[in-house]
Amino acid sequence: MHQIVPHFWFDQQAEPAARFYTSLFQASIIDKIVRYGKAGFEVHGQPEGTVMTVDFQLEGQPFIALNGGPNFRPTPAISQFVHCSTESELDRLWEALSKEGKVLMPLDRYPFSEKYGWVQDAYGLSWQLILIPESRQKIVPAFLFTGDQCGRAQEAIHFYTSVFNDSSVGTLFPYGPDQQENNPDHLAHGTFTLSGQSFMAMDSGLAHDFGFSEAISLLVYCENQEEVDRLWKQLSADPAAEQCGWLKDRFGVSWQIVPRELYRLLEDPDPVKADRVMAAILQMKKLEISTLQRAHAGE
């Protein structure tokens, strides 16, 4: 069971986006659609009964899409790196994802790959497609450290692997000499695992007009309050960003630290109980399981 799940913030496009993505990849399904209740309209502004979140799988990997309004927009600072086993698969995905989208790096041959391209799709999410015969994980979240964060990719890898269990540093490739835009010591490509899941990170000294955004966060499922407390303490670096289980780390990356118990409470068939839990969440920064349970019980 995955502990860390990519979470995408949309205005009102969560369901059509999820259905589009599941139509492209194999072993892909819509798992669950959760709708807004009465609680919190004055905060989230979403009408009762409209889609709140869509849980879906691509290639057997879980993702979550949220309708949160126009507050945040995704950027290429976190993209999904897709390992394609055949050229026909890569071409098919490229054609679909680039339609009405924006090409960030043309589909072409590069020194590091026979065929590769980077595209931002019509919904704003970014995908890196590469031709590679075998891979342990089909879709890998990839961090791009730009602007003031450029040069911190390797630091971030070592920090994240120190925070999560079952984690390790993989391969680290610096840019090396003969670089004009990038420091030779900065990371051209790095791999690592967190809780047994694959991730990538790289630096870019180019003049990008984007950085990390709340629109793409990493949701971490926690088994108990002790785990919530530990991860919150280690990751949170911006008190002003703490809200409803969300935080920002020292690099500006957004995380959601969420106890699994929360979903059991929110999925209660009694809408009054679920609304009480939602109302409690909206008053919190770090999520407290006991407080959520009391709200559910009406205490």
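Predicted, not measured: the structure shown is a model, and the values here were computed from it.

With respect to the overall build of the chain
Then, in step 1: Looking only at helices and strands, one finds eight helices and 15 strands in the chain.
Then, in step 2: For a compact globule of 299 residues, the expected C-alpha radius of gyration is about 19 Å, and the chain comes in at 20 Å, within 12% of that figure.
Then, in step 3: Viewed in the frame of its principal axes, the chain has a C-alpha envelope of about 65 × 35 × 30 Å.
Then, in step 4: With 299 residues in all, the chain has 52% of them scored as buried.
Then, in step 5: Accessible area for the chain stands at about 14000 Å²; split by element, carbon and sulfur atoms hold 50% of it.
Then, in step 6: Once the 24 positive and 39 negative side-chain charges of the chain are each reduced to a mean point, those two points are 4 Å apart.

Points about helix 4 (residues 153–163)
Then, in step 1: Along helix 4, the residues classified as buried are Ala153, Ala156, Ile157, Phe159, Tyr160, Thr161 and Val163.
Then, in step 2: For helix 4, the secondary structure elements touched by its buried residues are strand 9 (139–145), strand 10 (168–174), strand 11 (187–194), strand 12 (197–203), helix 5 (225–235) and strand 15 (254–259).

Focus: the pairing of strand 13 (residues 216–222)
Then, in step 1: Of all the seven residues making up strand 13, seven are buried; the element is thus mostly covered by neighbouring parts of the structure.
Then, in step 2: Of the strand pairs in this sheet, strand 1 (residues 4–10) and strand 13 are connected by five bridges, and their pairing is antiparallel. Along strand 13, the bridge assignment pairs His7 with Ser217.
Then, in step 3: For strand 13 and strand 15, the ladder comprises six bridges, and the chain directions are parallel. In the sheet register, Val220 faces strand 15, and the bridge partner there is Ile257.

Overview of the layout of surface pockets
Then, in step 1: Empty space within the largest pocket amounts to approximately 1200 Å³.
Then, in step 2: Lining the largest pocket are 45 residues, with Met52, Leu66, Trp246, Met278 and Leu282 positioned closest to its centre.
Then, in step 3: The biggest single contributor to the lining of the largest pocket is helix 7 (residues 271–281), with five residues.
Then, in step 4: Per-class residue counts for the lining of the largest pocket are 25 nonpolar, nine polar and eleven charged.
Then, in step 5: In this structure, the second largest pocket occupies an estimated 980 Å³ of space.
Then, in step 6: In this structure, the second largest pocket is lined by 41 residues; those nearest its centre are Phe81, Gln128, Ala188, His189 and Met202.
Then, in step 7: At the level of elements, strand 5 (78–84), strand 6 (102–110), strand 7 (113–120), strand 8 (126–131), strand 9, strand 10, strand 11 and strand 12 are the ones that each hand at least two residues to the lining of the second largest pocket.

Quick word on the sheet that holds strand 12
Then, in step 1: The strand order across the open sheet built from eight strands is 6-7-8-5-9-12-11-10, with neighbouring strands paired in mixed fashion. Edge positions in the open sheet fall to strand 6 and strand 10, since each of these has one partner strand only. Ignoring which end each strand starts from, the neighbouring axes of this sheet average 20° apart.
Then, in step 2: Taken strand by strand, helix 4 contacts strand 9, strand 10, strand 11 and strand 12, and its axis lies near 5° from that of strand 11.

Some words on the side chain of Ser213
Then, in step 1: Along the chain, the position of Ser213 falls in the loop between strand 12 and strand 13.
Then, in step 2: For Ser213, the side chain forms a polar contact with the main-chain oxygen of Arg73, separated by 2.9 Å.
Then, in step 3: A polar contact is formed between the side chain of Ser213 and the backbone nitrogen of Ala215, at a distance of 3.0 Å.
Then, in step 4: Not counting the four nearest positions on each side in its chain, Ser213 is found in contact with Phe72, Arg73, Thr75 and Ser254.

Quick word on helix 3 (residues 87–98)
Then, in step 1: Compared with an ideal rise of 1.5 Å per residue, which puts twelve residues at 16 Å, helix 3 spans 16 Å between its outermost C-alpha atoms and is within 8% of the ideal.
Then, in step 2: Among the residues of helix 3, Glu89, Leu90, Leu93, Trp94, Leu97 and Ser98 are the ones counted as buried. Buried residues of helix 3, seen end-on, are gathered within an arc of 135° and therefore sit on one face of the element. Seen from the buried face of helix 3, the exposed residues on the opposite side, beyond 90 degrees, are Ser88 and Glu95.
Then, in step 3: As for helix 3, its buried residues are in contact with helix 1 (14–24), strand 5, strand 6, strand 7 and strand 8.
Then, in step 4: Downstream of helix 3 by a residue or two, Glu100 has a phi angle that is positive, lying close to 65°.

Calculation notes
Residues numbered from 1 in each chain as written. Predicted model: local features only at pLDDT ≥ 70, side-chain atom pairs only at ≥ 80, totals over all residues. Heavy atoms only, no water. Helix = DSSP H or I, 4+ residues; strand = E, 2+ residues; numbered from the N terminus. Rg over C-alpha atoms; globule rule 2.2 N^0.38 Å. Buried < 20%, exposed > 50% of the residue type's maximum accessible area, 1.4 Å probe, protein only. Areas by Shrake-Rupley, 256 points an atom, 1.4 Å probe, with all protein chains shown as cover. Lys, Arg positive; Asp, Glu negative; His and termini not counted. Charge placed at Lys NZ, Arg CZ, Asp CG, Glu CD. Contact = heavy atoms within 4.5 Å. Pairing = 2+ DSSP bridges. 1 Å grid on protein atoms, 1.4 Å probe; cavity = no way out; pocket = protein on both sides within 12 Å on 5 of 7 lines; lining within 4 Å. Points joined across faces, edges and corners; volume = space filled by probe spheres on them. Nonpolar A, V, L, I, M, F, W, Y, C, P; charged D, E, K, R; others polar. Axes fitted to C-alpha atoms, helices over the stretch in contact; angles between N-to-C directions. Polar contact = N/O pair within 3.5 Å; in protein donor to acceptor, adjacent residues only side chain to side chain. Expected span 1.5 Å × (residues − 1). Arc of directions from axis to C-beta.

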